[in-house]
Amino acid sequence: MSGPATITELLTVLAARELAGRRVVFAGIGLPTLAAALAELTVAPDIEIIYESGVTGAHPAGLPTTISDSILVTGAEAVLPMPQLFGYVIQGQRIDTGFLGAAQIDRHGSLNSTMIGGSYARPEHRLPGSGGAIEVMAHAREVFVVMRRHTPQTLVDRLDFVTSPAPGSGRQATGGGVTRLITPLGVLTREEDELVLSSVNPGVDIAQVRSATGWPLKVAGTVDDGEPPTAEELRLLREVLDPGRIYLR
Amino acid sequence: MTADRVTTLAGAIATYVKPGMTVALEGFGHLVPSAAAHEIIRQRIGDLTVCRMSCDMMIDQLIAAGCVRGLVSSFIGNSSGGSLHELRRALEGRSDRIVALDEYSHGGMIARYVAGAAKLPFYPIRSYEGSDLPAVNDSIRPVIDPYSGDAVSVVPPLNPDVSIIHAQRADRRGNVQAWGILGVQQDVAFAGRRVIVTVEEIVDDDVIRADPNRTIVPSQIVDAVVECPFGSYPAPVQGYYDRDDAFFREWSQMARAEGGVDRWLDTYVRGTADHEEYLALVGSEVRRKLRVGEALSGPVNYGLHLRPTAARPGADQEVSR
């Protein structure tokens, strides 16, 4: 495939660039894994991915299709049982950067992956729930969130359900919360306690991002024009990392 | 042999799984007791509270079959394969199946099994403050840490009436060896009041004893061992077969239609006498497609002890339980 970047490719490239200098990354399958793999080839050669299934230092012979794909285990540096992964690694504060997805995010970086509309007892749309997201949010040094849609229904003033709360001022959580929100329109970065627009993607203007955001969006002192994916970044994604377009589809 | 716990799948389920029980079926996308769930459906055992951290099509199947009253879980999607529509229909009030959901995060479910295994009254976890989950789940409660004076969340122990896991191999006594992604297999087994283990193969005692560190569940806590090749299918077993990704994707499509799961059960589960017939219906072509090659671990030296030892009468017999 050639031609301009797809939304998935754009989001992957933006996420990979933000991983510059990061080392221990908690990533799910799909876009976060691809972003981490691209970062390893470009801006973060020492990156190490930890999977929720307990695999660390994976060296898979091909792209894994789930976090529990046995291809991740063959040749890996370690496989930890889940009590150790969640107790010692995540709650033990060994994660530099956690990748999380969600159906909704608010300005403080709290996430909803539980339900949309109706009530908890009778939701209109029931979603998968936390998985390990609550723990990753609570204890990763920072969290990156990638949203495939940027609308007032996904970047919301008020979450339909707070699944994974921003660590904030509580006494339990030890993590740093969401520091980057990457969307098809741009990148939001946290200033003080709030996510603000720090760069817009190619062809997008600030007014457009504001009207697509469900809270009164603040902008950083300078808003960068996001660099489109380079030919080299796209080549690595398309020809080296995911030639079968398992995730780039 | 003094304690042979090998039995048939039908026998193990009929003996230990009764209506109204709390039954854990664990395996984190790997070593999944899929065949055991099918047997529960064949025997029409209802009113169960099913514990499963990360749900998959097994839960759609058990719900459609009318086996499930309650679900204790921390993730109710279909891994990377989309939604679990039968479960969604139940939770969204669009079906006549009513499922009471007792919901946690993965950290919370793990803590519940660990507390259950160690017979602790509760287990502290530093991650629910500010979440809406404690507001909808009264079992997640704050207590005061007696050392710091700060609040910490706790979850209650989970002790299933029966814990069912799948693994690579076991001896006839029920010493279970597993490798690859281990999830909570050890913890849920120790938490269970009864334990059923399905394995790819039953092996000689010598095989187990040549590598005791690989044993994740000792025979003392196991009630039934069942040889059940492809018992995790469509989920994988490290070193035995791969995951049937296509089937996971197809599942969400098929389950989307109301009645779709029920029709599938009629053919593949209720329409087959046992796991062997089910596998025959799935077909050898699918199983061929999922074969894996060899990537053997290197052996380790446990050490042959050269110091003089007294004869041990009865050393080959099991110590009484």
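Residues numbered from 1 in each chain as written. Chains lettered and ligands numbered in written order. Predicted model: local features only at pLDDT ≥ 70, side-chain atom pairs only at ≥ 80, totals over all residues.

Before going further, it helps to spend a moment on the overall build of chain B. In terms of regular secondary structure, chain B is built from 12 helices and 12 strands. For chain B, the C-alpha atoms occupy an extent of roughly 70 × 60 × 35 Å along the three principal directions. (Helix = DSSP H or I, 4+ residues; strand = E, 2+ residues; numbered from the N terminus.)

Once that is clear, we can look at the overall build of chain A. Summing up its helical and strand segments, chain A has 6 helices and 14 strands in all. Here the C-alpha atoms of chain A give a radius of gyration of 18 Å, agreeing with the 18 Å that 2.2 N^0.38 yields for 249 residues. A principal-axis box enclosing the C-alpha atoms of chain A has dimensions of 50 × 45 × 35 Å. Burial status across chain A gives 54% buried among its 249 residues. Considering only contacts in chain A between residues 6 or more positions apart, those separated by 24 or more positions represent 62%. (Rg over C-alpha atoms; globule rule 2.2 N^0.38 Å. Buried ≥ 20, exposed ≤ 12 C-beta atoms within 10 Å, placed from the backbone. Contact = placed C-beta atoms within 7 Å.)

A few words on the packing of helix H2 (residues 31–41) of chain A against helix H6 (residues 231–241) of chain A. Residues and elements named next belong to chain A. Relative to each other, H2 and H6 sit at 115 degrees, their axes nearing to 11 Å. As judged from the angle between their axes, H2 and H6 are roughly perpendicular. Considering only the axes of H2 and H6, their crossing is right-handed. Contacts between H2 and H6 involve Leu34, Ala37, Leu38 and Leu41 from the former and Glu233, Leu236, Leu237 and Leu241 from the latter. (Axes fitted to C-alpha atoms, helices over the stretch in contact; angles between N-to-C directions. Parallel < 35°, antiparallel > 145°, perpendicular 65-115°, else oblique. Left-handed = near helix turned anticlockwise from the far one by under 90°.)

Residue and element names in this part refer to chain B. Taken domain by domain, chain B consists of domain 1 (9–120 + 157–289) and domain 2 (126–154). The gap between the C-alpha centroids of domain 1 and domain 2 is 30 Å. Across the boundary between the two partners, domain 1 contributes 5 residues, which contact 5 residues of domain 2. Among the residues making up the side of domain 1 that touches domain 2, the classes are represented as no nonpolar, 3 polar and 2 charged. (Domains from an automatic or database assignment. Nonpolar A, V, L, I, M, F, W, Y, C, P; charged D, E, K, R; others polar.)

Before going further, it helps to spend a moment on the interface of chain B and chain A. Contact with chain B, which involves 44 residues of that partner, is made by 41 residues of chain A. At the level of secondary structure, the elements contributing two or more residues to the side of chain B that touches chain A comprise helix H4 (85–91), helix H5 (106–118), strand S7 (151–155) and helix H7 (185–191) of chain B.

On to the sheet that holds strand S6 (residues 141–144) of chain B. Strand pairing in a sheet relies on backbone hydrogen bonds. The paired strands run either parallel or antiparallel. Residue and element names in this part refer to chain B. Ordered by their spatial adjacency, 3 strands build an open sheet running S5-S7-S6, and the pairing between neighbours is antiparallel. The outermost strands of the open sheet, each flanked by one partner alone, are strand S5 (123–125) and S6. The sheet shows a mean angle of 50 degrees between the axes of neighbouring strands, taken without regard to direction. Where S6 lies against S7, 4 bridges are found, and the strand directions are antiparallel. Bridging from a neighbouring strand, Ile144 pairs with Ala151 of S7. Of the strands in this sheet, S5 and S7 are in contact with H5, which crosses S5 at around 160 degrees. (Pairing = 2+ DSSP bridges.)

Once that is clear, we can look at the packing of helix H1 (residues 9–16) of chain B against helix H2 (residues 34–42) of chain B. All names here are of chain B. In contact at an axis separation of 10 Å, H1 and H2 are set at 65 degrees when each is read in the N-to-C sense. Seen from above, H1 lies across H2 with right-handed handedness. Across the interface between the two elements, Leu9, Ala10 and Ile13 of H1 pack against Ala35, Ala36, Glu39 and Ile40 of H2. The residue inventory of the contact of H1 with H2, partitioned by class, reads 6 nonpolar, no polar and 1 charged.

Turning next to unusual backbone geometry. Residues other than glycine predominantly adopt negative phi, and peptide bonds predominantly adopt the trans conformation. All names here are of chain B. The residue after Tyr233, namely Pro234, is reached through a cis peptide bond having omega 10 degrees. Assignment of secondary structure puts Pro234 in the loop between strand S12 (224–227) and helix H9 (245–256). Positive phi outside glycine occurs at Arg44, with the angle close to 50 degrees. Note on placement: Arg44 falls in the loop between H2 and strand S2 (48–51). Its identity is not glycine, yet Asp47 carries a phi of approximately 65 degrees, on the positive side. Tracing the chain through its elements places Asp47 in the loop between H2 and S2.

This brings us to the environment of Ser198 of chain A. All names here are of chain A. Summarising the element assignment, Ser198 is placed in strand S13 (residues 194–200). When the 20 C-beta atoms within 10 Å are taken as the criterion, Ser198 is described as buried. Along the chain, Ser198 and Gly226 lie 28 residues apart, while their C-alpha atoms are 9.2 Å from each other. Beyond its immediate chain neighbours, meaning those up to four positions away, Ser198 contacts Val187, Leu188, Thr189, Ala220, Val223 and Asp224.

Bringing the confidence of the model for chain B into the picture now. Per-residue confidence for chain B gives a mean pLDDT of 94; residues scoring 70 or more make up 95%. Both confidence scores are given for the complex: pTM 0.95, ipTM 0.96. (pLDDT = per-residue confidence, 0-100.)

Okay, the nonpolar core next. Ranked by internal contacts, the top residues of the largest apolar core, which has 169 residues, are Ala15 and Val145 of chain A together with Leu62 and Val197 of chain B. Two domains share this core, each providing at least three of its residues, namely domain 1 (9–120 + 157–289) and domain 2 (126–154) of chain B. For Leu62 of chain B, the contacting residues outside a window of four places in its chain are Ala37, Ile40, Ile41, Val50, Cys67 and Val68 of chain B. (Core = buried A, V, L, I, M, F, W, Y, C linked by C-beta atoms within 7 Å.)

Below, the discussion takes up H9 of chain B. Residue and element names in this part refer to chain B. Here H9 spans 18 Å end to end across 12 residues, near enough to the 16 Å set by a 1.5 Å rise per residue. Among the residues of H9, Phe248, Trp251 and Ala255 are the ones counted as buried. Within H9, the buried residues cover an arc of 45 degrees as seen down the axis, which keeps them to one side. Residues of H9 that are exposed and point more than 90 degrees away from the buried face comprise Ala246 and Gln253. Turning to H9, the residues buried within the fold contact helix H3 (57–64), H4 and helix H10 (260–268). (Expected span 1.5 Å × (residues − 1). Arc of directions from axis to C-beta.)

Within a regular beta strand, the side chains point alternately toward one face of the sheet and then the other, so they alternate between its two faces. Residue and element names in this part refer to chain A. Pairing analysis gives 3 bridges linking strand S8 (residues 115–118) to strand S9 (residues 123–126), with the strands arranged antiparallel. Bridge pairing in S9 links Gly118 to Pro123. Where S8 hands over to S9, the hairpin turn is made up of 4 residues, counted between the paired strands.

Structurally, Phe122 of chain B is set in the loop between H5 and S5. Among the residues examined, Phe122 of chain B registers 16 C-beta atoms within 10 Å and is labelled partly exposed.

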